[in-house]
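# Architecture and fold: a report
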Amino acid sequence: MFFTGDPTTRKRVDLGGRSTKERDAQKLLEQTRKERNRRLMQRQQNSAALKIQKFFRGRKSMATERSKVRQDFCKTYGNKCQNVDRHCFEPGSGFLQQLLFFFKAQNMGDVMLLVETCRLLQNFVHSSGDIVSLFSGTVYSSEHSLVDVRVKKLVLACIEAVHHNRNHLKDQLLVTSQEANVSTTLLLEAVVLLLDPKLPWVCKIVSFLLQRNVFTLFREIVTTAKESPKAQCLTGNTLSLERVLMLIVPHVGHELCHCPVVDPLWSFSSQILTIPFLWQLFPNLKTVFANPTLSQHYIHQMAFCVQNLANVLPADMSSEFASYACLLGNTLETASVALSQPNCSFEMALGIASVATFLLETLPPVKSSERENEQSSLDEDDMIIDEAPGLVLNRALEQQITNAMDTRFLLQLTNVLFHQVSLGSQSYDEEKEAVAIGAACYFLYATFNTLPLERIMTILAYRTELVTVLWNYMKRCHENQKWSSMSKLLPYLPGDAPGWLLPLVVFCPVYKHMLMIVDNEEFYEREKPLSLQDIRLLIIILKQALWQLLWVNPLTPSTGKSISNETSKENPVELIQNRVGIVVSELLSQLQDWNNRRQFTSSADFQADAVNDYFISQAVIHSTRANYILKQAPFLIPFTSRVKIFTTQLAAARQSQGSHGIFSRNRFRIRRDHILEDAYNQMSALSEDDLRGSIRVTFVNELGVEEAGIDGGGIFKDFMENIARAAFDVQYGLFKETSDHMLYPNPGSGMIHEQHLQFFHFLGSLLAKAMFEGILVDIPFATFFLSKLKQKYNYLNDLPSLDPELYRHLIFLKHYKGDISELELYFVIVNNEYGEKTEEELLPGGKDLRVTNENVITFIHLVSNHRLNFQIRQQSSHFLRGFQQLIQKEWIDMFNEHELQVLISGSLDSLDIEDLRNNANYAGGYHSGHYVVDMFWEVLKSFSTENQKKFLKFVTGCSRGPLLGFKYLEPLFCIQRAGGSATDEAVDRLPTSATCMNLLKLPPYRSKEQLETKVLYAINAEAGFDLS
C-alpha cells in the first residue's frame, strides 16, 4: 500500500451488506456444525465397533460352547451314536438337545452324527411303529411344546445338511428309499417320517420350514441334482427328495391348516415351479400338484401377483431357461388335469388364463415346425415380430410349452370359461360373459403372438365352440349397440378403447382358418359354421370396425405392418391395433373371395360408404393414412376408383419411359406362322428398361412379304393379342385347362419343353407388357393361379376348379363317420403326368404315417396344398418374376383374383355398344344424325357378341374395350367417311381401319343390308393389316 498523505484509516465496507461481526458469526456456526457432525460420527463408529466386538465374542463363545457340548456328546453317546437307545429321543434325554445345539451343516462330523441319528430314528420307528411316543414318551400333550421344537429343528437340520453338502453329494441326491445305506436317503427319509400328515406336529413343522424359506433350499438341491448323470436314467421309483416335496407342497391352502401366508418370492410357485422340466424329474409330485384344491391355491396365488410376477421370480438359470418360461411350461402341463375335474371352477380357469397370458407375453416368439417354416413365405399372416437377440429359449423348453397347449387343454379351458356363457338362450350374466370372453381372447391373443399358429388354429377352429361363442357375443353387442369395455382386463388399453378389439383379434384369424378347410356345401348350402345372413351382418361389423380403426379414429397413426418385438413391449396398444387391422382386413378379403365364387351379398357391402374424392386423392400419396388403407384394405374402395388409380400409375410409369414416342429403338419383325418363337427370341433379348419402352412391330405373312401398315400402336395391339393366344394355348403344353376352361401352369411342362421355366418367365413378362400398355387380352386364368400373382396361398375351397373328383374324395374323408384308419390311407400322394406315376410323401416319413380321425384335417390340407401350390410352385415362381419386371406388387395387391382377371381381360360389360356410341367422334362429313351412321349403329347392335368383339379388334386392335368404358379409349373411337360421294365404286369398297387411331373408314353405303355384309366380310377376312 503506498502512502497517500491521508493519516486516517479507511473503513472497510462489505459490498454484500454484511458487517465483519456478522461474517465471523456465520463462520463460527459452520465450524460448530462440522464439529458436532464429527463427534456424532465418532460415536456411531464406537457403537458399531462395540457391536462387532460383542457379536464376535458371542460367536466365539458359542463356538467354544458348541465344541465343549460336542465333546460331551461324543463321550456320552459315542462318536457314531453307538450308545444311543430309543429313550434318548424322549423329552427327558439330552441327546437331541445337545445334537441340535452344536450341529453345523458345514461340519462333516456333525453331518455324520445326524445321519446316524436318522438311521437310529428309522430303526426305532420301524420296530415300534409309534413315532409320537418315541419323541414324547407316554403323553404327547404334556410335552408337546418341547417335542415340537426338537422335531422342527431336527427336520430343518436334515434339509440343511443335504443343501449345504449338495455339491459333494451330487450323485446321491436322486435316491430312493430302497437305497437305505446312502446318507442322503437316511436324511431325507427321516424328514418323510417326521412329516407324516397323521402326526400332530406336522402343521407346525411345515409352518416353521416355510418361514425359513425352505423352498429356496430345495430349489438349489434340485438344480444341483439335475446336473448329475443319474438324472438322465431314473428308474421310475419315487425319489426321497420327491417324497419330501409331496408332503410339504399340499400343506398350504388346506382348510384345516394354519400355515402362514408365504411371501410369493419364496413360495413353491416361484422357487420350485420355475425349475426346468420339473415333472420329468418328479412325476408323482405332478399328480399331487394337479389336485384341484392345491393347484387352485397356487394358481390364485400367481394370479393375485401376476402383474408383479416378474419381480418375484428367481434369477434365470441361463438365458435358455428363463424362469418365466419354465414356470409357464410346468403350469400348463398340470393345468389340463385341473381343468378336466368336474368341479373345476370358473375362477380357476380365469386364473389359469390370466397367469398363462402374462407369462406368454414375456416369451420370445417360438419358431414353427419345419413344415410351417417351409410355408412361411406363403403364410397368410404377414405380421412380422422381430426377435430380440439373446431371447432364444431352449428348444426342448419351447416344445414343452407348445405340446402343453394341446387339443385337450384348449378345449377344456374354453369349455370352463364359456360354460355359463349363453349360446343362444335369453338369460345370461352379461358381466360374467364379458369377463370370460375377455380372458379367453386375451389369452389366445398372447398365444397367437408367441406360439406356432397352425396346430393351435386347427384345434380352436375344429375342436372348440370358440367361433360360435364369439360370434353370438359380437352379434348381441352389435344389435344392442353396447360393447363391454375390456380395458379392465388389459391395463394398457385406454378406457375408451372399443370393446370389439379383443374379440375381433381372436375371432378373425380363427374363423379365417376355419374357412380354409370349409367346403362349398358347408358354406353355401348347410350354412355352417355361420349362416349366410349372419355372414352378411358380420361383413357390416368388420367393415365398420376396420373403417373406424384405420380412418375415423385410429388409436395411433399406422404406416406399415411390421411390428418389432421392442415396439410391442413399449407400445402394446399400437401392436393390438395393427393386429386387429390386419386380421379384419384378411377375413374380409377372404369373405369377398367366397362372394366372388357364388354371390350371397352385394359387392358394395364390402365398400366403405365414406370413400369420396378427397380420400381417393389422398390414396395415391405415399405415407398417408388413405394410402395405407389402399394397401391393407383395398376392398373398402370401389373397384372403379382403384382401376383409375392403377391406370394413373401405369400412365406415370409409361411417361417416365417415354413409351409413346413415335420413334422406338425396339422393333420386332414377326412371322405370323412363327409368332411365338419370334416373339420369345426377340423379347428375351430386351433389358428390363427396354421392355418398359415402346415396341414397334412389323408382320410378315406366309409368303415372306411384310404386311402393309405403319405401327402407331394398333399393330402392336394385334401382335399382343395373337402372341397371347398362341403362347397360352393348351396345345403348346405350358398350360393346362380346368373343367371350366380356366388356364393354369402344366405341372408336367418340364417333360415337354426343356426350357419350360424360361418360357414361363417370358409369358409373365408378356402378360405384364399387355397390362402395362393397357391392352386387354382374352385369357381366362384359373383363380388359384391368379393368387400366385398376389403371392397368396391356396386352400381346399380352390380345389374344385382344378380336380373336382379329388375334391369330392377329400370331402368324403372330412365327413366320414367311421374309423378312417381302416381305409388304409397314408400321407403320400401319387402324381400322374403323361402316364408316368410317381409317389411323393406329404410329410417326412409319410409313407409310414396312417391317416386317422385325429389327423385327417391335416391330411386334407396337405393334399390340397400339394395340388394347388406345391406342384406348380416352380412355374408360378418364374412366371411371377417375369410379371414383376413391369407390374409392381403393390399395384396388383389393390385387387382380388376376380378383379385381377377383369384387369387382364376386361368383362362383357366393356362391350357396351351404347357406351361406344355415346363416346364416338365423326369426321369426313359424318355426324351423329347422319343416316349412314344410324344404320351402322343398328347393324352393330344386331351383331352377336363374338362379331362385336371382332369388330372392336378390327378398329382398335383389341377385342376388349377399356376397363372403365369407352370414355377412356385413347384416342376416342372415330367414324370417318371414305370414298367421297355415294358412287357405285365407292359403296363397293370394304370398310378399313387405322387401329393406332381407333379409326373406322366407312364408305356411305346405301342400305343396311349392304353395310352389314361389307362390315362382316371385313372383320372376318383375317387379312392382317393388308386391308388398312
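Starting from 1, residues in each chain are numbered consecutively following that chain's sequence as written. Local features in this predicted model are restricted to residues whose pLDDT is 70 or higher, and side-chain atom pairs enter the listing and the counts only when it is 80 or higher, whereas totals over whole chains, interfaces and linings include all residues. To get the side-chain values, all heavy atoms of the structure are used, and hydrogens and water are removed first.

## Description of the pairing of strand E4 (residues 695–700)
For every residue, the accessible area (1.4 Å probe, protein chains only) is compared with the maximum for its type, and the residue is labelled buried under 20%, exposed over 50%, or partly exposed between those bounds. Strands are runs of DSSP state E lasting at least 2 residues, helices are runs of H or I lasting at least 4, and numbering of each runs from the N terminus. The buried fraction of E4 amounts to five of the six residues, a majority that puts the element mostly inside the structure. Here, any two strands with at least 2 DSSP bridges between them count as paired. Here strand E3 (residues 666–671) pairs with E4 via six bridges, running parallel. When the bridges of E4 are listed, arginine 669 appears paired with threonine 698.

## Brief notes about the nonpolar core
In this structure, Phe135, Trp201, Phe218, Phe507, Tyr511 and Phe719 are the most contacted members of the largest nonpolar core, which totals 290 residues. Apart from the residues within four sequence positions on either side, phenylalanine 218 is in contact with Ile159, Leu241, Val244, Leu245, Ile248 and Ile272. What makes a nonpolar core is a set of buried Ala, Val, Leu, Ile, Met, Phe, Trp, Tyr and Cys residues whose side-chain atoms join them at distances within 4.5 Å. If you look at the next biggest cluster of nonpolar residues, it comprises 29 residues, including Leu916, Tyr1005, Ala1018 and Ile1019. Contact definition: two residues touch when any of their heavy atoms are within 4.5 Å.

## Focus on the packing of helix H6 (residues 183–194) against helix H9 (residues 240–248)
Lines fitted to C-alpha atoms define the axes, with helix axes restricted to the stretch in contact, and inter-axis angles between N-to-C directions lie between 0 and 180 degrees. At a minimum axis distance of 9 Å, the contact between H6 and H9 shows a crossing angle of 20°. Compared by their axis directions, H6 and H9 come out roughly parallel. Here the hand of the crossing between H6 and H9 comes out left-handed. Listed contacts from H9 to Thr185, Leu188, Glu189, Val191 and Val192 of H6 are Ser240, Leu241, Arg243, Val244 and Leu247. The residue inventory of the contact of H6 with H9, partitioned by class, reads six nonpolar, two polar and two charged. What sets the label is the angle itself: under 35 degrees gives roughly parallel, over 145 gives roughly antiparallel, 65 to 115 gives roughly perpendicular, and the rest give oblique. In a left-handed crossing the near helix is turned counterclockwise from the far helix by less than a right angle, and in a right-handed crossing that turn is clockwise. Polarity classes work like this: nonpolar for Ala, Val, Leu, Ile, Met, Phe, Trp, Tyr, Cys and Pro, charged for Asp, Glu, Lys and Arg, and polar for all others, with Gly in that last group.

## Some remarks on the pattern of salt bridges
Salt bridges are defined by distance alone: a side-chain nitrogen of Lys or Arg within 4 Å of a carboxyl oxygen of Asp or Glu. Overall, the coordinates contain 33 salt bridges when judged by the stated rule. Aspartate 110 is the partner of arginine 70 in a salt bridge, and the nearest nitrogen-oxygen pair spans 2.8 Å. Linking arginine 70 in helix H1 (residues 20–77) with aspartate 110 in helix H3 (residues 108–128), this pair joins segments that are 40 residues apart in sequence. Here glutamate 116 and arginine 119 are joined by a salt bridge, their closest N and O atoms 3.4 Å apart. Of this pair, glutamate 116 and arginine 119 both sit in helix H3, separated by three residues, roughly a single helical turn. One salt-bridge network, in which partners are shared between bridges, spans Glu35, Arg38 and Arg39.

## A few points about the sheet that holds strand E11 (residues 992–994)
With respect to topology, four strands assemble into an open sheet ordered E9-E10-E12-E11, the strand pairing being mixed. Every other strand in the sheet has two partners, leaving strand E9 (921–923) and E11 as the edge strands with one partner each. Strand-to-strand, the axes of this sheet are offset by a mean angle of 25°, without reference to chain direction.

## Some details on the confidence of the model for the protein
For residues with low pLDDT, the predicted coordinates do not support detailed interpretation. Taken residue by residue, the protein gives an average pLDDT of 83. The fraction at 70 or more is 87%. Predictor confidence is given residue by residue as pLDDT, running from a minimum of 0 to a maximum of 100. Low pLDDT (under 50) marks residues 556–568, which in the prediction has 32 contacts with non-local residues, meaning those over four places away or in another chain. Note that pLDDT drops below 50 for residues 1024–1028; the model gives that stretch 18 contacts with residues more than four away or on any other chain.

## Describing a nonpolar patch on the surface
A contiguous nonpolar patch, built from Met751, Ile752 and Tyr834 and spanning about 310 Å² of accessible area, is present on the exposed surface. Relative to the assigned elements, methionine 751 resides in the loop between strand E6 (743–745) and helix H34 (756–772). For patches, a residue must show more than 30% relative accessible area and have no salt bridge; joins then use 9 Å for like charges and 5 Å for nonpolar side chains, namely Val, Leu, Ile, Met, Phe, Trp and Tyr. Exposure was quantified through the Shrake-Rupley algorithm and a 1.4 Å probe, taking into account, for residues, occlusion by the shown protein chains and nothing else.

## Notes on unusual backbone geometry
Negative phi characterises most residues that are not glycine, and trans characterises most peptide bonds. Of the consecutive residues lysine 528 and proline 529, the connecting peptide bond is found in the cis state with omega at 0°. Relative to the elements of secondary structure, proline 529 occurs in the loop between helix H24 (520–525) and helix H25 (532–552). Unusually for a residue other than glycine, cysteine 81 sits at a positive phi of about 55°. Within the fold, cysteine 81 resides in the loop between H1 and helix H2 (95–102). Cysteine 81 gets classed as buried once you look at its relative accessible area, which sits at 3%.

## Focus on the packing of aromatic side chains
For any pair of aromatic rings, the description consists of the separation of the ring centres together with the inter-plane angle of the planes. Only rings of Phe, Tyr and Trp enter the pairing, Trp through its six-membered ring, and a pair is recorded when the two centres are within 6.5 Å. The plane angle decides the type: under 30 degrees is stacked, over 60 is edge-to-face, the rest tilted. One pass over the structure, following the stated rule, counts 50 aromatic pairs. Measuring from centroid to centroid gives 5.8 Å for phenylalanine 735 and phenylalanine 785, while their planes differ by 80°, and the two rings are edge-to-face. Taken together, the residues span a long stretch of sequence, with phenylalanine 735 in strand E5 (residues 735–737) and phenylalanine 785 in helix H35 (residues 783–789) at a distance of 50 residues. The class of phenylalanine 735 is buried, set by a relative accessible area of 1%. Its relative accessible area of 1% is what places phenylalanine 785 among the buried residues. By definition here, charges over rings are those cases where NZ of Lys or CZ of Arg is within 6 Å of the ring centre and within 35 degrees of the ring normal. Its guanidinium or amino end placed over the ring of phenylalanine 346, lysine 432 lies 4.7 Å from that ring's centre, counting from NZ or CZ.

## Notes on the environment of methionine 246
Mapped onto the elements of the fold, methionine 246 is located in helix H9. For methionine 246 and lysine 286, which are 40 residues apart along the polypeptide, the C-alpha to C-alpha distance reads 9.1 Å. Those residues within four positions of methionine 246 in sequence are excluded, and the remaining contacts are Thr238, Asn284, Leu285 and Val288.

## Some details on the side chain of aspartate 593
Within the secondary structure layout, aspartate 593 lies in helix H27 (residues 572–597). Using a relative accessible area of 14% as the deciding quantity, one classes aspartate 593 as buried. Excluding residues within four positions of it along the chain, aspartate 593 makes contact with Lys792, Asn896 and Glu897.

## Notes on the state of the cysteines
Cysteine sulfur atoms that come within 2.5 Å of each other are treated as a disulfide pair. For the structure shown, the criterion picks out zero disulfides. Residue cysteine 74 stays outside any disulfide, its sulfur separated by 8.0 Å from that of cysteine 81, the closest cysteine. With no disulfide partner, cysteine 118 has as its closest neighbouring cysteine sulfur the one in cysteine 158, 3.5 Å distant.

## Here we look at the packing of H25 against helix H29 (residues 625–632)
Remark: H25 packs on H29, axes separated minimally by 10 Å, with the N-to-C direction vectors making an angle of 145°. Packed against H25, whose contacting residues are Trp547, Leu550 and Trp551, the element H29 presents Arg625, Ala626, Tyr628, Ile629 and Gln632 at the interface.

## What to know about the environment of methionine 683
Take methionine 683: it is sitting in helix H31 (residues 675–684). With relative accessibility at 5%, the residue methionine 683 sits in the buried group. Residues methionine 683 and isoleucine 695, spaced twelve residues apart in sequence, show a C-alpha to C-alpha distance of 9.7 Å. Residues within four places of methionine 683 in sequence aside, it is in contact with Phe668, Leu691, Phe762 and Leu766.

## Let's talk about the environment of aspartate 778
On the secondary structure map, aspartate 778 appears in the loop between H34 and H35. Of the residues examined, aspartate 778 reaches a relative accessible area of 42% and is grouped as partly exposed. A sequence separation of 53 residues divides aspartate 778 from arginine 725, and the C-alpha atoms of the two residues are 7.8 Å apart. Leaving out residues up to four positions away in the same chain, aspartate 778 has contacts with Ser905, Lys949 and Arg960. In this structure the side chain of aspartate 778 is engaged in a polar contact, spanning 3.2 Å, whose partner is the side chain of lysine 949. Definition of a polar contact: a pair of N or O atoms within 3.5 Å, with one able to donate and the other able to accept a hydrogen when the atoms are protein atoms, and with sequence-neighbouring residues admitted only if both atoms are side-chain atoms.

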